[in-house]
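# Tertiary structure, described
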Amino acid sequence: VVTVPDDEFFKAVDEAVKTGEKQITIVVTKAKENADVAVELSPQAARMAAQNGIGLRVELPLGIVWIDPSDMKDVFSDARDMVSFEIYRSTNNSVVVRINEGRNPISADGAFHSRILAVAFGRTTVSAGDVVYLVNADGSETLVRKSLVEGKYVYTLLDGTAILKLRFNAKKFVDVQPENWFAEAVDFTSV
């Protein structure tokens, strides 16, 4: 667990306000590769960013979680406990993206964005035919329509804590060969 010191965070918010920046980035730099890391902010720090309309971007070993400036007030204006950000690998090649206040998951309509490294799903790369599924509490899966896979990253728009799976779901067409210039577009639209 990495706790961001209040004094450093408050200075970053003040600097962002002075320069007109709309986002503060917190980067975990000394973690082991693929390590499970949580970043914590005090409720005062979260509220200060929210009151000033400053978005948060938290870069973790397995990916990035960020909250738009426009969503900060809805999410953190009344924070009362430590706020934590995590991305970690779970069982069955699923990935957990978690944002909590204390022990309670935070949610807001479309507020959370994430960029997850393919390695978190046990892959080296992803393709246009890969899709992201949300694993529900009952074990059922729902396609995440607001997601994109590209290169070595999976991008998602979430409304809170989530367990995600990545699955190759492209349909194969006999008249589309991998070397065709349009093959990737067909993979992307046919999932």
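Refer to the structure printed above.
So, here is what we can say about the structure in this document. Being a predicted model, the structure only gives us computed values, none of them experimental.

### As for the side chain of Ser 84
- Examined against the element boundaries, Ser 84 turns out to sit in strand β6 (residues 83-89).
- The exposure class assigned to Ser 84 is buried, which follows from its relative accessible area of 7%.
- Not counting the four nearest positions on each side in its chain, Ser 84 is found in contact with Val 39, Glu 40, Arg 98, Ile 99 and Asn 100.

### Examining helix α2 (residues 43-51)
- Pro 43, Ala 45, Ala 46, Met 48, Ala 49 and Ala 50 are the residues of α2 that are buried.
- Contacts from the buried residues of α2 go to α1 (6-19), β3 (38-41), α3 (69-76) and β6.
- A positive backbone phi angle near 65° is found at Gly 53, which sits one or two residues after α2.

### Thoughts on the packing of aromatic side chains
- Counting across every chain of the model gives three aromatic pairs.
- Plain terms: the ring middles of Tyr 153 and Tyr 155 are 6.2 Å apart, the flat faces sit at 50° to each other, and that makes the pair tilted.
- Sitting above the plane of the Trp 66 ring, Arg 57 keeps its charged end 5.5 Å from the centroid.
- Above the ring of Tyr 153, the side-chain terminus of Arg 115 is found at 4.0 Å from the ring centroid.

### Digging into the environment of Glu 150
- Its location among the elements puts Glu 150 in strand β12 (residues 147-150).
- Considered as a pair, Glu 150 and Gly 129 are 21 residues apart in the sequence and their alpha carbons are 9.9 Å apart.
- Here Glu 150 is in contact with Val 126 and Tyr 155, once residues within four sequence places are set aside.

### Some details on the pairing of strand β5 (residues 63-67)
- Of all five residues in β5, five are buried, a share of seventy percent or more.
- Going residue by residue along β5, you find Gly 63, Val 65 and Ile 67 tucked away on one face and Ile 64 and Trp 66 tucked away on the opposite face as well.
- For strand β4 (residues 55-60) and β5, the ladder comprises five bridges, and the chain directions are antiparallel. Bridge pairing in β5 links Leu 60 to Gly 63.
- Linking β4 back to β5 in an antiparallel pair, the connection comprises two residues.

### Re α1
- Between its terminal C-alpha atoms α1 stretches 20 Å, which fits the 20 Å expected from 14 residues at 1.5 Å a residue.
- For α1, the complete set of buried residues consists of Phe 9, Val 13 and Ala 16. Along the axis of α1, the buried positions cluster into a sector of 65°, meaning they face one direction only. Turned more than 90 degrees off the buried face of α1, the exposed positions are Glu 8, Lys 11 and Lys 18.
- One or two positions beyond α1, positive phi appears at Gly 20, with a value near 85°.

Definitions and limits used
Residues numbered from 1 in each chain as written. Predicted model: local features only at pLDDT ≥ 70, side-chain atom pairs only at ≥ 80, totals over all residues. Heavy atoms only, no water. Helix = DSSP H or I, 4+ residues; strand = E, 2+ residues; numbered from the N terminus. Buried < 20%, exposed > 50% of the residue type's maximum accessible area, 1.4 Å probe, protein only. Contact = heavy atoms within 4.5 Å. Phe/Tyr/Trp six-rings, centres within 6.5 Å; stacked < 30°, edge-to-face > 60°. Lys NZ or Arg CZ within 6 Å of the ring centre and 35° of its normal. Pairing = 2+ DSSP bridges. Expected span 1.5 Å × (residues − 1). Arc of directions from axis to C-beta.

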